[in-house]
Amino acid sequence: MPRLILPLLLCSGLLNAAEVPPALREHPLPEAAALKDAQGRDNGVRFVDLNGDGHEDIVLSNAREYGVFLFVPKERAKKNLQWNEGWSQVMREGKAGDANSLPLIVRADGSDNGVTFHDSAMWVASTKQQVPFTELLKVPGPAPKSPQESLKALHVKPGFEAMLAAAEPLVQDPVFIDWDAKGRMWVVEMGDYPFAPGEKTKDGSVGQDKVSDLQTGRVKILEDTNGDGVYDKATLFLDGLKHPTGLAPWKGGVFIANIPDIFYAEDTDGDGRCDKRETWFTGFTAGNPQHLVNGFCWGLDGWFYGANGDSGGDITCVKTGKKIALGTNDFRFDPRTGEFALEGGRSQYGKWRDDFGNWFGNNNSTIGWHYWLPFRYLERHPNVVVKSVRGDMNDEKRIFPASPPVRRFNQGSAINTLTSGCSPMPFRDTSFGADGEKVMFICEPANNLVHREVLNYEGASITSRRHPDDVGSEFIASEDNWFRPSMARTGPDGALYVVDMYRLVLEHPEWIPAEIARGLELRGGEDRGRIYRISKSGPLKGVTAIDNPIAAMASLNGWMRDTAQRLLIEKDDKAAAPELKKLLSATPAVRVQAAYTLVQLGGMTPDEAVALIKPLMPQIRASALTATGTQQDEVFGDLEKPLLKQTPQKTSAMAAMPAITNNNPDRQKVVTRYVQETASLSGDLKRGAVVFQKICMVCHKVRELGIEVGPDLTTVATKPREQLIEAIFDPNRAVEQRNAATQVTKKDQTLLTGQLTAETPGSITVRLPGGADIVVLRTDIQAMKTLTTSIMPEGLESVLSAQDVADVLTFIGGK
C-alpha cells in the first residue's frame, strides 16, 4: 500500500497513529482486506500477532467475507518460494456464513461487534464466544459432506447412475477393494495415512505420534445381507497394519501388501477374524505411503502381479530362500510355490491387465503406460536391447474437475492438470461402452475425478485417447473437494466400483511447506470413507457367490472369469478340462481365459494355446503369448516388430555438463554461506530463467522447460529456501531411492553414472544428464552398484553466484 494512503486512514478515524502496523507502511494489504468498505465504513480488519513471531497478522470478518492472513517477513519469504514478503500466507478466506467463517468483527451496518483479541484468543463480548489463536492458525479447507450429500455432488455421464455401496461407519479410509468367491467385498483401509505413529518427514520438520485409535492399517470384510446392493455388515479381519496398499483372495484367505512384507492371512475358524498369518516376501522399502509396494492383479498365467511403487527393495522369498533385488522393476509371484519374478516397471500405484493379457501402469503425472515387451521373452533373449519395455499411451494431461478450486499446498500452478493419476484399470465387462469398445479408467484424487480413456490396439504399442463423450468433461467428477478416488474397478455384477478414501488432505506432508502442514488437519476424514457403484440405468443385478466355476468361466465379466480360473487352479481341478474345452469356441475373452486355464491344469500345451489365441492379434500380443509358457520365438505381431528395432545410443553420446572445478569437502559450510548471502538479495525471474537453462535444465524440468532426469522442480518449489539451497550445494544429504545414482563399470573399463530407468534380464538403461538413455548389455557389465549419492554433482558453487541462486529460485517459484 502506498505510504500516501496512511494519512487518509488516520484522518478517517479508522486507524490512529498508535495502531498503524509498521508493515503497513511498506506492504499492500490483501485484496479482500481493505480497511474501509464501499461506504467508507470500518471493513472489519484487525491487526494482531497470531503466531507470536513479532509481526502483526490480519484477521478480517464482516457480513460479506472473512479471512486470516499471516505476515511473511523478508527472512521467511526468502526461505519459501510460495510466499512474498507481506501478508501473503493465507490460512483461510471465504464468504461470510460458510462452514469456516469467523465471528463478525463489524456488523452489516458497519458498527463494531465488540470483538477483542487477548489471552491468545479472539473474543466476542456479546456472545462470550472465543476462537483460540491456534484455531485461527489452522487451514480449515472446505467442509466435509455426508455420504448422501457427497453422492448428490457426484457428476456421472448421462445414462449412468451412482449409488452408495458402502459408507462410514462400515468403511473408513478405503484405498483398495476386491471380492472373494462368496461375493464378500474385502476392503483395505489405510487409516495410518499420512503418518503411522512415530513417523516423520525426512527432514524431521513434520510428523505424528499416536494421535488416534484409527491411526492404523486395516482389512475388513463387507457383506450385503439382503441383496439390495448396499453392504450392511462389516467384520474387522485384521488391524495393526502399516500402510497396507492392496490384497488378493487365495484359497481361504488373502495375500496382503503391508510394508515391508507381502504376507498371507487366513481365518481358519470361521469367525471372520485373521488367526493365521505367514510372511511370504519381505524387504520392500518403507517410506512415503504414496510410493510403496502395491497390488495385486490376477494374471492369466495363475500368478499375482504387483507394482513397485517407486521404492524398490531387496526381496527375500521366504518359501524358496531366494534373494532378489527389485530395483526399478515390478513383479509377479506364484501363490502355489512362492516363486518370485521380476516384470517390466516401474508402476507407482496399480498394475492391471485387460482381457487379453496386456499390462498397464502409470505414475502420478502419466495417463498410462503399456508394457509391450515381456520379461519372459527377454530372459530367453538377453541380447535383445531396447531403451524401454513400455510405451506412453497418451501424452494428454488436461483434466476437467467439477470441484471448486482450492488453494493447493504444493504445485499451485498445476491447474486442471493430471497430478495424481493412479490405478489405470481396463473395464472388463460388456455393460459399458459401445460394442467392441475397450475403455480404461484412471483415478485422479487430487482433482476429485475419475478419467476415462478409449484403448486403441492398432499401433505398435497400445495407446489411448480421451473418450469422445468426455470432451471438456470427465466420466465421473465430484463437486466435493473431499472426494478422493483411489480405485475404479469392474465388479462381479458388471458395475464400476469407485473407492473413495474421503480425506481433506491427500498430499503427503513431505511435499507441503512445514508452516502450512502444521496448520492442517492432516487426518481430516479419518473416520469417513465411501464406495460407489456406477452402472447403466436399469435393474440392480447384485453380487452373488460363485458356485460353478465352469459356468462363471463363460461369463463376459472379467472378474467372474478370473475368480473361476483361480478356484480351478487352487484345486488343481484337472477334471474340469473337458468342460473348459467346450469354451474354446466362445467369445474371444472367454476363449483366451479358458485356454490359459487348460494350460495350467495340463489339458493343453502352451504351443496349442498359442495357436488358438494368436489369430486374435492385435488384441493378443507378445506379453500374452509368452505367459502361456511357450518357448516359441515368433510371439511378436507385425505391429509390434518395429519396436524391437530401436537403436540404443552409444555410450559416447554423453550430454555436456558445466565444468565443476571446486569440490569443497565441507558441503555444509557452502550451504550456510549461500543461505546467508542470498538472504538480502532479490531474485529476478528473467535472469533466473537464463541461469536455469545454462546450469539446471540438463537434469530438471520447470513447467514445460527442461529435461526430467532428476525431480521436476515445480513439485518442490514450495519447499523452504534453505532446503532448496541445501539440495543444490549438498545434494547427497538426503537422496530418495528413485533419484539415487547408479554406477556401471563396463568390461572395457568405461564408467557410466546416471539414473537407472529400466532393467531387463539382458540389459539396463541409464539416463545421463541431458536425458540421453544409454542401454548397456548385462554381458558387457563388469560391476554395477547403487550409490548412496545423488546423480546431481557437488561443487556447483564454482558456477553459481549468490545472485544466480536467488534468481533461479525465483524462477522455480514462478514469482
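Going by the structure above, here's the rest.
Owing to the predicted nature of the structure, the values given are computational and were not obtained by experimental measurement.

1. Details of the environment of L137
Alright, step 1. Within the fold, L137 resides in the loop between α3 (133-136) and α4 (147-152).
Alright, step 2. Distance in space between the C-alpha atoms of L137 and V90 is 9.6 Å, their sequence separation being 47 residues.
Alright, step 3. Here L137 is in contact with L50, N51, L70, M91 and G519, once residues within four sequence places are set aside.

2. Side note on the nonpolar core
Alright, step 1. In this structure, F237, I256, L496 and I531 are the most contacted members of the largest nonpolar core, which totals 120 residues.
Alright, step 2. Sort the elements by how many residues they give to this core and helix α10 (residues 588-601) lands first, with eight residues.
Alright, step 3. Apart from residues no more than four positions distant in its own chain, I531 is found in contact with M163, L164, A165, A166, V171, I177, M185, V187, L222, Y497 and V498.
Alright, step 4. Counting residues in each nonpolar core, the second largest holds 28 residues, with V59, F133, F195 and L504 among its members.

3. Regarding the environment of N448
Alright, step 1. You can see N448 is positioned in the loop between β29 (439-444) and β30 (449-456).
Alright, step 2. When its relative accessible area of 2% is taken as the criterion, N448 is described as buried.
Alright, step 3. As a C-alpha pair, N448 and L154 span 294 residues in sequence and 9.6 Å in three-dimensional space.
Alright, step 4. Among residues more than four places away in sequence, those in contact with N448 are S403, A477, S478, D480, N481, W482, F483, R484 and P485.

4. Overview of the packing of aromatic side chains
Alright, step 1. Here the structure, examined in full by the defined rule, presents 36 aromatic pairs.
Alright, step 2. Where F160 meets F432, the ring centres are 4.9 Å apart and the plane angle is 65°; that geometry is what we call edge-to-face. With F160 in strand β9 (residues 160-167) and F432 in the loop between β28 (422-426) and β29, this pair connects stretches of sequence that are 272 residues apart.
Alright, step 3. Residue classification places F160 among the buried positions, given a relative accessible area of 13%.
Alright, step 4. We classify F432 as buried; its relative accessible area is 4%.

5. Notes on helix α8 (residues 558-570)
Alright, step 1. With 13 residues, α8 extends 18 Å between its outermost C-alpha atoms, agreeing within 8% with the 18 Å of an ideal straight helix rising 1.5 Å per residue.
Alright, step 2. Burial runs high along α8: 13 of the 13 residues are buried.
Alright, step 3. Residue N557 occupies the N-cap position of α8, its side-chain oxygen lying 3.0 Å from the main-chain nitrogen of W559.
Alright, step 4. Just downstream of α8 lies D572, where phi reads positive at about 50°.

The rules we used
Residues numbered from 1 in each chain as written. Predicted model: local features only at pLDDT ≥ 70, side-chain atom pairs only at ≥ 80, totals over all residues. Heavy atoms only, no water. Helix = DSSP H or I, 4+ residues; strand = E, 2+ residues; numbered from the N terminus. Contact = heavy atoms within 4.5 Å. Core = buried A, V, L, I, M, F, W, Y, C linked by side-chain atoms within 4.5 Å. Buried < 20%, exposed > 50% of the residue type's maximum accessible area, 1.4 Å probe, protein only. Phe/Tyr/Trp six-rings, centres within 6.5 Å; stacked < 30°, edge-to-face > 60°. Expected span 1.5 Å × (residues − 1). Polar contact = N/O pair within 3.5 Å; in protein donor to acceptor, adjacent residues only side chain to side chain.

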